[in-house]
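Reading the structure
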Amino acid sequence: GVKTILLLTDVHLLVRSKCPSYVGTTGILVQEFKHVFKIITKEDKLKVIPKRNSVFAVEINGFVSHIYGSKFEQRASERSAKKFKVRGTIDL
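Since this is a predicted model, take the numbers as computed values, not measurements.

1. A short note on the overall build of the protein chain
A tally of regular secondary structure across the protein chain gives 2 helices and 6 strands. Across the protein chain, helices and strands are ordered from the amino to the carboxyl terminus as α-β-β-β-β-β-β-α. The proportion of buried residues among the 92 residues of the protein chain is 25%. Taking the intrachain contacts of the protein chain between residues at least 6 apart in sequence as the baseline, contacts between residues at least 24 apart amount to 33%. Working note: accessible area of the protein chain is about 6500 Å², and carbon and sulfur atoms make up 56% of it.

2. As for the packing of aromatic side chains
Here the structure, examined in full by the defined rule, presents 1 aromatic pair. Judged by centre distance (4.9 Å) and plane angle (85 degrees), the rings of Phe-37 and Phe-56 are edge-to-face. Separated by 19 residues along the polypeptide, Phe-37 in strand β3 (residues 36-40) and Phe-56 in strand β5 (residues 54-60) bring together distant segments of the chain. Take Phe-37: its relative accessible area is 8%, and that puts it in the buried class. With a relative accessible area of 2%, Phe-56 lands in the buried category. Its end group placed over the ring of Phe-37, Lys-51 keeps NZ or CZ at 4.9 Å from the ring centre.

3. Topic: the pattern of salt bridges
Applying the stated rule across the entire model yields 1 salt bridge. Taking the shortest distance from any N to any O, the salt bridge between Glu-32 and Lys-51 comes out at 2.8 Å. Of the two residues, Glu-32 is situated in strand β2 (residues 26-32) and Lys-51 in the loop between β4 (46-50) and β5; the sequence distance between them amounts to 19 residues. The class of Glu-32 is partly exposed, set by a relative accessible area of 27%. By relative accessible area, Lys-51 is classed as buried at 0%.

4. Comments concerning the confidence of the model for the protein chain
The share of residues in the protein chain with pLDDT of 70 or more is 68%, and the mean pLDDT across the chain is 77. Helix α1 (residues 2-8) is the least confidently modelled element of the protein chain, averaging 56 in pLDDT, while β4 averages 91, the highest of any element.

5. A look at the environment of Val-15
With respect to the helices and strands, the residue Val-15 is situated in strand β1 (residues 12-17). Separated by 41 residues in the primary sequence, Val-15 and Phe-56 place their C-alpha atoms 5.4 Å from one another. Contacts of Val-15, omitting those with residues within four sequence positions, involve Val-23, Val-55, Phe-56, Ala-57 and His-66.

6. What to know about the pairing of β3
As defined by bridge partners, β2 adjoins β3 across 4 bridges and the pair is classed as antiparallel. Bridging from a neighbouring strand, Ile-28 pairs with Ile-40 of β3. Hairpin connection from β2 to β3: 3 residues lie between these consecutive antiparallel strands. Pairing of β3 with β4, which is carried by 5 bridges, proceeds in the antiparallel orientation. If you follow Lys-38 over to β4, its bridge partner there is Val-48. Here β3 folds back onto β4 in antiparallel fashion, the turn holding 5 residues, of which Asp-44 has a positive phi close to 60 degrees.

Thresholds applied
- Residues numbered from 1 in each chain as written.
- Predicted model: local features only at pLDDT ≥ 70, side-chain atom pairs only at ≥ 80, totals over all residues.
- Heavy atoms only, no water.
- Helix = DSSP H or I, 4+ residues; strand = E, 2+ residues; numbered from the N terminus.
- Buried < 20%, exposed > 50% of the residue type's maximum accessible area, 1.4 Å probe, protein only.
- Contact = heavy atoms within 4.5 Å.
- Areas by Shrake-Rupley, 256 points an atom, 1.4 Å probe, with all protein chains shown as cover.
- Phe/Tyr/Trp six-rings, centres within 6.5 Å; stacked < 30°, edge-to-face > 60°.
- Lys NZ or Arg CZ within 6 Å of the ring centre and 35° of its normal.
- Salt bridge = Lys/Arg side-chain N within 4 Å of Asp/Glu carboxyl O.
- pLDDT = per-residue confidence, 0-100.
- Pairing = 2+ DSSP bridges.

Written as structure tokens, this is what we have:
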């Protein structure tokens, strides 16, 4: 499914964040928790990036998708049962 594709995707890029030191971070997503993503960088360092107030970009087969971390602040089991509402804009 989509979760498997996201976990196997090589590069995740942090596009926007309220914390400027996280912007531009790239790497492989290794774990997802309720409030954070754990990413291994090219320098083999583990970075723990909070989902709240962050926007991530994922490229799959040439298609770039943006993930708004604030919308993913739930456990995967809770997210799978939730119906998402479409909204025009999302603020950090």
